[in-house]
Amino acid sequence: MKQLKNTAKKDCTQNVGLIGYSKGNGHFFSYSAISNSSFQFNNKFVENNYPNIIKYLKRNKKKIFNKKKIFNINKVFSQNKKISKIASNFSNIEKVYKSNYRLIKDSDLILICRHNIKKNYNDVIYSINKKKPILVDKLYAKSEKDFKKIHSMKKSILFNSTPLVFEKKFFKLNKKRINVCKCYIKKNFIDYGNHVLEPIIYYFQIKKFKNIQIKRKKITIFFDKIKLIVLTCNKKNLEYEFFENKKLITSFKIQNYFIIFQKLLQFFRLLVTTNKRNIFQEANLLSNLIILKNLKKIKQEK
């Protein structure tokens, strides 16, 4: 699949719309705060529902305040007007919209932060038809057919990579020795699968997907260079163990979320303001296709 064209306006980063929200998806708040270089300290909703976001924003406040904005998010829409107002207050977003389509029309660039495949698909299709660049942080196609339809349109940039591709710990792995990876995620594979798959596919330079075995909360994926075991709905989250056969070589846990979120947003900005190539696209496409090809099986085993 070819990379979608950059049809963005030169100043598209200054007129950005944010669309969400899904319960449990804190990117609606974290991405907007990091993008706008602004967040409200005493926001009870975010404090109560996403305490980790408040913690890492406070810990990195010197890297946020008085810094140039990555994007100027000045519009927000969610299905719940109350949540829209909370996001508006939290990240200093000027306008709350009642219509997602109106927001897309009035914006030059779109961020979509929610795990609702049907709604994401509709908003992505509408945004591409309006030639608006899009960052969507979760699955956005209901089927392999819909996925291929989106990528045949070629009207604007669509960026869907996980922030985990910016985690330096993957780069430092001894990839010649490792042939098994075990990963733990707290949620289901449909919502979190790309967080696991894409960095492994990218950093191990995987070209071929062989097979998948799905047994309730355990998903085993066989690639040409590595076997990936994903344990879902776990107490651990985004923790990795790497083996040479059965011998544990190393392990790590994703910890500094702020840095990888910031790097993801900065990379997307580069994509829409320059002719920079999306180096993660092939890994992201393969990751999405693996999930979509096996969507029915995964849902049956949930």
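Look a little higher up for the structure.
Visitor: Is there a simple way to think about the layout of surface pockets in this case?
Guide: A water-sized probe rolled over the atoms picks out the places where empty space is left. Roughly 630 Å³ of volume is contained in the largest pocket. Asn52, Lys186, Tyr192, Asn237 and Tyr257 are the residues nearest the centre of the largest pocket, which is lined by 26 residues in total. Listing elements by their share of the lining of the largest pocket, those giving two or more residues are α1 (27-36), α3 (51-59), α9 (189-203) and α10 (257-273). Broken down by element, the residue count for the lining of the largest pocket peaks at 6 residues, all from α3. Here the residues of the lining of the largest pocket sort into 10 nonpolar, 11 polar and 5 charged.

Visitor: In this structure, what is going on with the sheet that holds strand β2 (residues 73-77)? I would like to understand it.
Guide: Picture the strands of a sheet paired through backbone hydrogen bonds; they go either parallel or antiparallel. As summarised here, the arrangement of the 6 strands in space is β3-β2-β1-β4-β5-β6, forming an open sheet in which the pairing is parallel. Edge positions in the sheet fall to β3 (95-96) and β6 (158-159), since each of these pairs with one other strand and no more. Strands in contact with α1 are β1 (16-19), β2, β4 (109-112) and β5 (134-136); relative to β2, the strand with the most contacts, it is inclined by about 165 degrees.

Visitor: Just checking my understanding: could you explain the state of the cysteines for this structure?
Guide: Simply put, the disulfide is a covalent bond whose two ends are the sulfur atoms of two cysteines. Within the structure shown, the criterion is met by 0 disulfides. Free of any disulfide, Cys12 has its nearest neighbouring cysteine sulfur in Cys113, separated by 16 Å.

Visitor: Hey, could you run me through α3 in this one?
Guide: For an α-helix, the turn length of 3.6 residues means that residues three or four places apart are oriented alike. Along α3, the residues that are buried comprise Ile53, Ile54, Tyr56 and Leu57. If you follow the buried residues of α3, they end up packed against α1, α2 (44-49), α4 (81-91) and α10.

About the thresholds
- Residues numbered from 1 in each chain as written.
- Predicted model: local features only at pLDDT ≥ 70, side-chain atom pairs only at ≥ 80, totals over all residues.
- Heavy atoms only, no water.
- 1 Å grid on protein atoms, 1.4 Å probe; cavity = no way out; pocket = protein on both sides within 12 Å on 5 of 7 lines; lining within 4 Å.
- Points joined across faces, edges and corners; volume = space filled by probe spheres on them.
- Helix = DSSP H or I, 4+ residues; strand = E, 2+ residues; numbered from the N terminus.
- Nonpolar A, V, L, I, M, F, W, Y, C, P; charged D, E, K, R; others polar.
- Pairing = 2+ DSSP bridges.
- Contact = heavy atoms within 4.5 Å.
- Axes fitted to C-alpha atoms, helices over the stretch in contact; angles between N-to-C directions.
- Disulfide = S-S within 2.5 Å.
- Buried < 20%, exposed > 50% of the residue type's maximum accessible area, 1.4 Å probe, protein only.

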